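Tertiary structure, described
Read off the chains here:
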Amino acid sequence: MKLHFIGIGGIGLSGLARFMKHEGYEVSGSDIKWTPLLKKLQQEGIKVFVPQAADNITQDIDIVIYSAAIKANNPELLAAKKAGIRTLSRREALPLILSGKKIYAVAGAHGKSTTSAILASILNNSSAIIGAESKEFGSNVRYKQTETVVFEADESDASFLQIEPHCAVVTNAEPEHMEFYNHDLDLFYDAYREFLKKAKVRVINAEDPFLESLDIDAIKLYPSRDIRIIEHFLEDDEPYIRFELRDFGEFAVWGFGKHIALDASLAILAAMQELGLDEIKRNIKNYRGIKKRFDIVAKDEGLIVIDDYAHHPTEIKVTLSSLLEYAKLKGIKDITVVWQPHKYSRVLDNLKEFMHCFPHGVKLVILPVWAAGEEPRDIDFATHFAHYNPLFIDRVKRSDRSLVLLKDQKEAHMINKGLVIGFGAGDITYQLRGIE
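These numbers were taken from a predicted model, which means no experiment stands behind them. (Residues numbered from 1 in each chain as written. Predicted model: local features only at pLDDT ≥ 70, side-chain atom pairs only at ≥ 80, totals over all residues. Heavy atoms only, no water.)

**Concerning the UniProt feature "domain: Mur ligase N-terminal catalytic" (unreviewed entry) in the protein chain**
Those places that UniProt annotates as "domain: Mur ligase N-terminal catalytic" (unreviewed entry) correspond, in this numbering, to residues 3–100. The distance from the first to the last C-alpha atom of residues 3–100 is 19 Å, and the span holds 38% helix and 20% strand. (UniProt positions renumbered as here; feature names shortened; annotations may be inferred. Helix = DSSP H or I, 4+ residues; strand = E, 2+ residues; numbered from the N terminus.)

Following this line, the structure appears as structure tokens:
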């Protein structure tokens, strides 16, 4: 069969496209502009069209699969429907793609990509489809000739209800993407409840208020009593945390912060359904982090630049706690935070939390909101964040051993020493890497 993916440049849809190519399907896809990810897909033998156009839809295509960002008036979607080609949204395509698989599905508002990637490293003979690029296998997909799949499940559009997981792992259930759930908490929590009910095995963070309230048969992790942090340390200048989990002994995993130990512990408890402890302790060392999660993208003399996908105040706070630990071990006191707010709706829904998630003592730099398709809304950042005395700029430009902060296409400030971390789910990742 021939499959065509509209919006193939997204991290979610690209993973499904890659997986189906490995499964033996002929795969093509399209997006609105070229990105490094699209170029990689092309190198892997996937035919990529840029821009999107009705002519890209040919009669030999069997199924068109489109991302949640695709509008009803998209020219390719309209052409496919006119030609009578079967069209499926990403969520509708999941049963087709994952049919017959033994799925280890990881969901949650925060930490699901990290937990999925760690679990994939431990279950090293499984396939994996995750929402980030694992540095271990250099992709968001690893394919093995096996029925077992580690899958990062998405609650943002309730698509995690379209799969039949063998094991469901939930890191937390903090309300997010509430616009999809009509800002109805009951509807939101019911989706998580239904997701867990579908699984034969359940692993949950039982200190999450909602998950703690559930009366279900599950492997329950209580981080405050089950996990003991032993130390943060650097090995070959890479960050690691060593911790004890219950009476299972010590584990060491890439990354800093209690949240990394929590994510790793959930992955360990899930992996114990397949492997013994000794093998888990060996395999977890394969994990080397994921792209855009505490991702050290530059390490020049005097300047370290870190890219992080965090775009919710809870994520930013826990990552900053890790950053401060890292800075302490490196002996760095000069810290700059560059924040690219993601979506007007998310900023407004969490405004009070955003106003207090950055520690005092760091320099705060604020980029324009990455709208992600939303209509602009009026947010007075200068007033709301005045207590940080932030610097407002238009973009960041990587230069030799420095970061140039631009305002109105002119240099507003240059950073050539200390520690810089960028937060956001938009194009800040390319700005920090110097990719146009």
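**Here we look at the packing of aromatic side chains**
Under the criterion given, the structure shown has 20 aromatic pairs. Ring centres of Phe-160 and Tyr-192 lie 5.3 Å apart, and the angle between their planes is 90°; this geometry places the pair in the edge-to-face category. Of this pair, Phe-160 sits in the loop between strand 9 (148–152) and strand 10 (167–170) while Tyr-192 sits in helix 6 (residues 185–198), and the two are 32 residues apart along the sequence. The buried category is assigned to Tyr-192, whose relative accessible area is 1%. Between Phe-294 and Tyr-326 the ring centres are 5.7 Å apart and the planes differ by 85°, which places this aromatic pair in the edge-to-face class. With Phe-294 in the loop between helix 10 (277–283) and strand 16 (295–300) and Tyr-326 in helix 11 (residues 313–330), the pair connects residues that are 32 residues apart, well separated along the chain. Tyr-326 shares its class with Phe-294; the two are buried. Three or more aromatic residues joined by ring pairs make a cluster, and in this case those are Phe-160, Phe-180, Tyr-181, Phe-188, Tyr-189, Tyr-192, Phe-195 and Phe-210. Stacked on the ring of Tyr-222, the Lys or Arg Arg-225 has its end atom at 4.0 Å from the ring centre. (Phe/Tyr/Trp six-rings, centres within 6.5 Å; stacked < 30°, edge-to-face > 60°. Buried < 20%, exposed > 50% of the residue type's maximum accessible area, 1.4 Å probe, protein only. Lys NZ or Arg CZ within 6 Å of the ring centre and 35° of its normal.)

**Thoughts on the pattern of salt bridges**
With the rule as written, the count across this model stands at 21 salt bridges. The shortest N-O distance in the salt bridge between Glu-176 and Arg-346 comes to 3.2 Å. Of this pair, Glu-176 sits in the loop between strand 10 and helix 6 while Arg-346 is found in helix 12 (residues 344–349), placing the two residues 170 residues apart along the sequence. Judged by relative accessible area, which is 5%, Arg-346 ranks as buried. When the shortest N-O distance is used, the salt bridge between Lys-363 and Asp-334 registers 2.7 Å. (Salt bridge = Lys/Arg side-chain N within 4 Å of Asp/Glu carboxyl O.)

**Here's the deal with the environment of Leu-245**
Position of Leu-245 relative to the elements: it lies in strand 14 (residues 238–245). Along the backbone, Leu-245 and Phe-188 are 57 residues apart, and their C-alpha atoms lie at a distance of 31 Å. Those residues in contact with Leu-245 that lie beyond four places of it in its chain are Leu-221, Asp-226, Ile-227, Phe-251, Ser-265, Ile-268 and Leu-269. (Contact = heavy atoms within 4.5 Å.)

**Here we look at the domain arrangement of the protein chain**
A common way to report how large an interface is uses the accessible area buried once the components associate. The domain boundaries assigned to the protein chain delineate domain 1 (2–91), domain 2 (100–286) and domain 3 (295–433). For domain 2 versus domain 3, the separation of C-alpha centres amounts to 27 Å. If you look at the interface, domain 2 gives 17 residues, while domain 3 gives 15 residues. With both sides pooled, the region where domain 2 packs onto domain 3 buries about 1,400 Å², and carbon together with sulfur makes up 51% of that total. The partner of Lys-330 in a salt bridge is Asp-237, and the shortest N-O contact between them spans 2.8 Å. Along the contact surface separating domain 2 from domain 3 lie seven residue pairs in polar contact (both at pLDDT 80 or more). Considering every element that reaches the side of domain 2 that touches domain 3, the biggest residue donor is strand 13 (residues 227–235), with three residues. (Domains from an automatic or database assignment. Buried area = accessible area lost by both parts, 1.4 Å probe. Polar contact = N/O pair within 3.5 Å; in protein donor to acceptor, adjacent residues only side chain to side chain.)

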